[in-house]
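Observations on the three-dimensional arrangement
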Amino acid sequence: MDSIKGLNILKTTDAYSEAQRILGERFGHSNDLSDAYRERLEFWTKISAHDRKGLLKYSNFLRQCIIAMNSISELSKLSDPRIMKFFHNALSETIMEKW
């Protein structure tokens, strides 16, 4: 990130605090973040039964959701039943049958 690139050279607590402040300003809007996670779930490309890489990528994303939900309260929206339906939409019928 260009906005904090030079701060890592300083290696001081002030530089770290400043980097956190800048990142918070740019990416700290939890409602926007919540919407972004939901949209990724909603529009995830269907994963075929033999797509190992696609399934691994989806698994990694779901882990990110869990980790983020533990630290950002607005992401609890992902537990809403209307959102939960998107979790299985990405899986092909074959995967769903085996699951």
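Since the structure is predicted, the reported quantities are computational estimates derived from the model, not experimental observations.

**Thoughts on the overall build of the protein**
Helix and strand counts for the protein stand at six helices and zero strands. Taken from N to C terminus, the helices and strands of the protein fall in the order α-α-α-α-α-α. Residues counted as buried form 25% of the 99 residues belonging to the protein. Considering only contacts within the protein whose residues lie at least 6 apart along the sequence, 61% involve residues at least 24 apart. Approximately 7600 Å² of the protein is accessible, and the part contributed by carbon and sulfur atoms is 55%.

**Looking at the confidence of the model for the protein**
Mean pLDDT over the protein: 79, with 81% of residues reaching 70 or higher. For the protein, per-element mean pLDDT is lowest for helix α1 (residues 7-10), which scores 66, and highest for helix α4 (residues 52-71), which scores 88.

**Let's talk about α4**
Look at α4: 29 Å from first C-alpha to last across 20 residues, which is about the 28 Å you get at 1.5 Å a residue. Here α4 has its buried residues at Gly54, Tyr58, Phe61, Cys65 and Ala68. One side of α4 carries all its buried residues, which in axial view fall inside an arc of 85°. In α4, the exposed positions that point more than 90 degrees away from the buried face belong to Arg52, Lys53, Leu56, Arg63, Ile66, Ile67, Asn70 and Ser71.

**Focus on the pattern of salt bridges**
Taken as a whole and judged by the stated rule, the model has three salt bridges. With a shortest N-O distance of 2.6 Å, Glu42 and Arg38 are connected by a salt bridge. Of this pair, Glu42 and Arg38 both sit in helix α3 (residues 30-42), four residues apart, roughly one helical turn. A relative accessible area of 24% means that Arg38 is categorised as partly exposed. We note a salt bridge from Asp80 to Arg82, for which the minimum N-O separation is 2.8 Å. Taking relative accessible area as the criterion, Arg82 reaches 61% and is therefore assigned exposed. When salt bridges that share partners are traced, they join Arg38, Glu39 and Glu42 into one network.

**Overview of the nonpolar core**
Membership of the largest hydrophobic core comes to 16 residues, with the highest contact counts inside it found for Tyr37, Leu41, Trp44, Ile47, Tyr58, Phe61 and Leu78. Put simply, the parts of the chain that give this core at least two residues each are α3, α4 and α5 (81-89). In contact with Leu41, not counting residues within four places along its chain, are Tyr58, Phe61, Leu62, Leu78, Ile83, Phe86 and Phe87.

**Considerations on the packing of aromatic side chains**
Within the structure shown, the criterion is met by three aromatic pairs. Pairing Tyr37 with Phe61 gives two aromatic rings, centres 5.7 Å apart and planes at 25°, and the pair type is stacked. Note that Tyr37 is positioned in helix α3 and Phe61 in helix α4, a separation of 24 residues in sequence. Relative accessible area serves as the criterion here: at 15%, Tyr37 is assigned to the buried category. Note on Phe61: relative accessible area 1%, which makes it buried. By way of ring pairs, the aromatic residues Tyr37, Trp44, Tyr58 and Phe61 are connected into one cluster.

What counts and what doesn't
Residues numbered from 1 in each chain as written. Predicted model: local features only at pLDDT ≥ 70, side-chain atom pairs only at ≥ 80, totals over all residues. Heavy atoms only, no water. Helix = DSSP H or I, 4+ residues; strand = E, 2+ residues; numbered from the N terminus. Buried < 20%, exposed > 50% of the residue type's maximum accessible area, 1.4 Å probe, protein only. Contact = heavy atoms within 4.5 Å. Areas by Shrake-Rupley, 256 points an atom, 1.4 Å probe, with all protein chains shown as cover. pLDDT = per-residue confidence, 0-100. Expected span 1.5 Å × (residues − 1). Arc of directions from axis to C-beta. Salt bridge = Lys/Arg side-chain N within 4 Å of Asp/Glu carboxyl O. Core = buried A, V, L, I, M, F, W, Y, C linked by side-chain atoms within 4.5 Å. Phe/Tyr/Trp six-rings, centres within 6.5 Å; stacked < 30°, edge-to-face > 60°.

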